[in-house]
There are 2 protein chains.
Amino acid sequence: MSVSVMELKEAKDKFIHTWGTLATQWGINRTMAQIHALLLLSPKSMNADEIMADLQISRGNVNMNLRDLMDWGLIYKQLLPGERKEYFIAEKDIWKVAKQIAKERRRREIGPLIEAMEELKESIQPDSAEKEEFLKIVNDISKVSVFADNTMTSLLKSDENWLINNFIKIFNK
Amino acid sequence: MSVSVMELKEAKDKFIHTWGTLATQWGINRTMAQIHALLLLSPKSMNADEIMADLQISRGNVNMNLRDLMDWGLIYKQLLPGERKEYFIAEKDIWKVAKQIAKERRRREIGPLIEAMEELKESIQPDSAEKEEFLKIVNDISKVSVFADNTMTSLLKSDENWLINNFIKIFNK
DNA sequence: AAAAACTTTCAGAATATTTTGAAAATTCAA
DNA sequence: TTGAATTTTCAAAATATTCTGAAAGTTTTT
């Protein structure tokens, strides 16, 4: 193997490792992130055995995290003609990847918060100063959550959005 | 204790419990979130012993998480005249709280990603098609990260921002 | 300067999360 | 059908994170 190819292999390994480490900091599990990184960098789709061999992890682990990555909409299953095995390929359009991650996090992180605050609001009658104080906080959190949710949605939804357009200009430079 | 006060106590407990549970979903530890919730709901500042008693957790745990909450800028230390003990009070302005959390997450989640991608870019010369392909991905992630960072910053920085103003209108209704 | 009041630290314990791997389930070809 | 290939499941093991509590450190009072 030539020196220059070796450099690339090293950089790819570093990318996979880094992606895995960073992911834990944002609540995604290390292996899921590493599989994602591996597939992102792979020019062709890979099957479970290849991923197992490459990352040195068990079949069960690979299976579980591939399923999670599909739930997140970050990878797709590819059925190759004449092949029994399932192959997986990552979404390579990084803007789509980012949108997908943001979407999923909005759903997981903001959704339950809004629901919980609504439930609390309904459970208390504002018939005392103390209760009004409590409801003030619950209401404020509710409003901030709905705002965050709306902001996320408008950032994600329309590519006509000024913010997005502004971004696309920079991105396509 | 009257029935109506009991209801409030229950709602507060539910709030604290919910806040703690949700927090784990967004990478913050349960106890830290519970202490934060407790202080958010407390009309007066609390000391370590009071928090220990209320949440039934150890002194070390309380101390450590109070420090983390101060790092996050979510609570302040209050020295009461004539008191030896340190008292803690939460930032009650929920919009400030949200900004603080967003700021901290930007710093922790996006910052390291940008750095890692820059480092990878510098380590590889684009002297082959394979390397160019790799650098394309790294570059794209770099651009998306910088975009996310900038978007966060402009959302947070200026209250003249249209998005913020729009929010404030809703919030103050 | 000593003692009391309080805060911080950190090694070990407890808890929670992730991973393994073999067995069960499923799919497909013959 | 049958059975080989492949995927999925899940209990137990490994690993990672959080928590405890007593000892050490610090600050204030006497």
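Worth saying up front: this structure is predicted, and the values here are computed from it rather than measured.

What counts as what
Residues numbered from 1 in each chain as written. Chains lettered and ligands numbered in written order. Predicted model: local features only at pLDDT ≥ 70, side-chain atom pairs only at ≥ 80, totals over all residues. Heavy atoms only, no water. Near = heavy atom within 4 Å. Polar contact = N/O pair within 3.5 Å; in protein donor to acceptor, adjacent residues only side chain to side chain. Helix = DSSP H or I, 4+ residues; strand = E, 2+ residues; numbered from the N terminus. Nonpolar A, V, L, I, M, F, W, Y, C, P; charged D, E, K, R; others polar. Least-squares fit on C-alpha atoms with pLDDT ≥ 70 in both. Contact = heavy atoms within 4.5 Å. Buried area = accessible area lost by both parts, 1.4 Å probe. Salt bridge = Lys/Arg side-chain N within 4 Å of Asp/Glu carboxyl O. Buried < 20%, exposed > 50% of the residue type's maximum accessible area, 1.4 Å probe, protein only. Pairing = 2+ DSSP bridges. Domains from an automatic or database assignment. Core = buried A, V, L, I, M, F, W, Y, C linked by side-chain atoms within 4.5 Å.

(A) Here's a closer look at the protein's contact with DNA strand D. In the vicinity of DNA strand D, 15 residues are found, and the nearest of them are A:Asn63, A:Arg67, A:Glu86, B:Thr31 and B:Ser58. Sugar plus phosphate, as a fraction of atoms of DNA strand D within 4 Å of the protein: 71%. Contact distances for DNA strand D include 3.1 Å between a base nitrogen and a side-chain N or O atom of A:Arg84. A distance of 2.7 Å is found between a phosphate oxygen of DNA strand D and a backbone nitrogen or oxygen belonging to B:Ser58. Of all the secondary-structure elements, those providing two or more residues to the surface near DNA strand D are α4 (59-71) of chain A together with α2 (30-41) and α4 (59-71) of chain B. No other element matches the four residues that α4(A) contributes to the surface near DNA strand D. Taken together, the residues of the surface near DNA strand D break down into one nonpolar, seven polar and seven charged.

(B) Looking closely at the relation of the copies chain A and chain B. Of the transformation placing chain A onto chain B, the axial shift is 0.0 Å and the rotation is 180 degrees, giving an RMSD of 0.1 Å. Taken together, the rotation and translation describe the operation of a two-fold axis. Relative to the rotation axis, the C-alpha of A:Gly27 is the closest in chain A, positioned 2.5 Å from it. Looking at chain A, 100% of its interface residues are interface residues in chain B too, so the copies touch through the same face.

(C) Structural context of the interface of chain A and chain B. Opposite the 47 residues of chain A that make contact, chain B presents 47 residues. With both sides pooled, the region where chain A packs onto chain B buries about 4600 Å², and carbon together with sulfur makes up 76% of that total. Counting across the chain A and chain B interface gives six salt bridges. Ionic pairing is found between B:Arg105 and A:Glu109, a salt bridge with its closest N-O pair at 3.2 Å. Within the residue set of the side of chain A that touches chain B, elements represented by two or more residues are α1 (3-25), α2 (30-41), α5 (94-123), α6 (129-157) and α7 (162-172) of chain A. Element by element, the count of residues in the side of chain A that touches chain B is highest for α6(A), at 13 residues.

(D) Unusual backbone geometry, seen in detail. Residues and elements named next belong to chain A. Of note, Gln 56 is a non-glycine position whose phi angle comes to about 60 degrees, a positive value. Looking at the secondary structure, you find Gln 56 in the loop between α3 (48-55) and α4. A residue is classified by how much of its surface remains accessible, and Gln 56, at 67% relative accessible area, is exposed.

(E) Quick peek at the pairing of strand β2 (residues 75-79) of chain B. Residues and elements named next belong to chain B. Sheet analysis places β2 next to strand β3 (residues 86-90), joined by five bridges and oriented antiparallel. Counted as the bridge partner of Tyr 76 is Ile 89 from β3. In textbook terms, the turn of a hairpin is the stretch between consecutive antiparallel strands, and for β2 and β3 this stretch comprises six residues, one of which, Gly 82, has a positive phi near 80 degrees.

(F) Spatial organisation of the domain arrangement of chain A. Residues and elements named next belong to chain A. For chain A, the assigned domains are domain 1 (3-90) and domain 2 (94-172). Each of domain 1 and domain 2 has a C-alpha centre, and these two points are 31 Å apart. The interface is formed by seven residues belonging to domain 1 together with seven residues belonging to domain 2. By the criterion of area lost to domain 2, the three top residues of domain 1 are Trp 26, Trp 72 and Leu 74, representing 68% of everything that side buries. Summed over the shared surface of domain 1 and domain 2, the result is zero salt bridges. Our count for the contact surface shared by domain 1 and domain 2 stands at one residue pair in polar contact (both at pLDDT 80 or more).

(G) View of the nonpolar core. The biggest cluster of nonpolar side chains holds 46 residues, and the ones touching the most others in it are A:Phe15, A:Leu39, A:Ile51, B:Phe134 and B:Ile141. A per-element tally of this core places α2(A) first, with eight residues. Non-local contacts of B:Ile141, meaning those with residues more than four positions away in its chain, are made with A:Phe15, A:Trp19, A:Leu40, A:Ile94, B:Leu113 and B:Met117. Counting 44 residues, the second-largest nonpolar core is a separate cluster that includes B:Trp26, B:Leu74, B:Ile75 and B:Ala90.

(H) View of the environment of A:Thr31. All names here are of chain A. Locating Thr 31 in the fold gives a position in helix α2. Using a relative accessible area of 10% as the deciding quantity, one classes Thr 31 as buried. Through-space distance from the C-alpha of Thr 31 to that of Gln 56 is 11 Å; in sequence the pair is 25 residues apart.

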